[in-house]
Amino acid sequence: MIRGLTLLELLIAMILVGLVAALGFPSLARQIDRLSVRRAAVEVSATYRTARLWAVYHRSRVRIEFSASWLRGVAEGTADSVFLQVPGPARHGVRLTASRPAIRIGPTGIGWGAANTKIVLQRGAVAESLATSRLGRLRRYP
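All values derive from a computational prediction rather than experimental measurement.

What counts as what
Residues numbered from 1 in each chain as written. Predicted model: local features only at pLDDT ≥ 70, side-chain atom pairs only at ≥ 80, totals over all residues. Heavy atoms only, no water. Helix = DSSP H or I, 4+ residues; strand = E, 2+ residues; numbered from the N terminus. Rg over C-alpha atoms; globule rule 2.2 N^0.38 Å. Buried < 20%, exposed > 50% of the residue type's maximum accessible area, 1.4 Å probe, protein only. Contact = heavy atoms within 4.5 Å. Salt bridge = Lys/Arg side-chain N within 4 Å of Asp/Glu carboxyl O. pLDDT = per-residue confidence, 0-100. Pairing = 2+ DSSP bridges. Axes fitted to C-alpha atoms, helices over the stretch in contact; angles between N-to-C directions.

Peer 1: Which parts of the structure should I look at to understand the overall build of the protein chain?
Peer 2: Scanning the protein chain from N- to C-terminus turns up one helix and eight strands. Scanning the protein chain from its N terminus toward the C terminus, one meets helices and strands in the order α-β-β-β-β-β-β-β-β. For 142 residues, the compact-globule estimate of 2.2 N^0.38 gives 14 Å, and the C-alpha radius of gyration of the protein chain, at 23 Å, exceeds that figure by more than 25%. Viewed in the frame of its principal axes, the protein chain has a C-alpha envelope of about 90 × 25 × 20 Å. Within the span of the protein chain, comprising 142 residues, buried residues form 33% of the whole. Within the protein chain, counting contacts between residues at least 6 apart in sequence, those at least 24 apart form 50% of the total.

Listed below in structure tokens is the structure:
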């Protein structure tokens, strides 16, 4: 005698699997948002630090430009030249809002002019803030 599953048993199993998946999906979506924002924050931080080190090493003034689609380091001088350009946080689905679209760093690594800037990275309900100071520090606020 071959014993199999009835249609009712299969239906109950599918409903249980669907309920478990429905309960886990919101936390999974939030975790993906959190990872995307964290990755974008690391990329913005790395771009900032690379441009700042470039300014100190080359004893030159640097402008760091922030946009959702790209992050750029520009050496300022008689002719501006782009030495660093990476894709921005938009490629991770993260929205970037900055109090200033660009920051200037002097040859000593200290901010030039109005260097205090707040950058907010957001995806869904998850947000992370980065703040730069005139001394050239970059801080992350989850």
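Peer 1: How should I be thinking about the pattern of salt bridges in this particular structure?
Peer 2: If charged atoms from side chains of opposite charge come close, those side chains can pair. Per the counting criterion, the structure on display carries 10 salt bridges. Two residues, Glu-65 and Arg-63, come together in a salt bridge whose shortest N-O distance is 2.7 Å. You'll find Glu-65 and Arg-63 in the same group, each marked buried. For Glu-128, the salt bridge identified is with Arg-140, shortest N-O distance 2.8 Å. Of this pair, Glu-128 sits in strand E7 (residues 126-132) while Arg-140 is found in strand E8 (residues 138-141), placing the two residues 12 residues apart along the sequence. On the basis of relative accessibility, which here comes to 34%, the residue Arg-140 falls in the partly exposed class. If you follow the salt bridges from partner to partner, you end up with Arg-61, Arg-63, Glu-65, Arg-72, Glu-76, Asp-80 and Arg-104 in one network.

Peer 1: Help me out: how do you make sense of the side chain of Ser-129 in this one?
Peer 2: Topologically, Ser-129 is positioned in strand E7. Apart from residues no more than four positions distant in its own chain, Ser-129 is found in contact with Lys-118, Ile-119, Val-120, Arg-139, Arg-140 and Tyr-141.

Peer 1: It is not clear to me how the confidence of the model for the protein chain should be interpreted in this structure. Could you clarify?
Peer 2: Of all residues in the protein chain, 96% have pLDDT values of 70 or greater, and the mean over the chain is 89. Element-level mean pLDDT values for the protein chain span from 87 in E8 up to 95 in strand E4 (residues 95-98).

Peer 1: Mind showing me how you'd approach the sheet that holds strand E2 (residues 70-76) here?
Peer 2: To summarise the sheet geometry, strands pair through backbone hydrogen bonds and adopt either a parallel or an antiparallel arrangement. Here we have four strands laid out as an open sheet, ordered E3-E2-E1-E5, and antiparallel in their pairing. The open sheet terminates on both sides in strands that have one partner only, identified here as strand E3 (81-87) and strand E5 (102-105). Direction aside, neighbouring strands of the sheet carry axes that sit 15° apart on average. Bridging between E2 and E3 involves six bridges; their strand directions are antiparallel. If you follow Leu-71 over to E3, its bridge partner there is Val-86.

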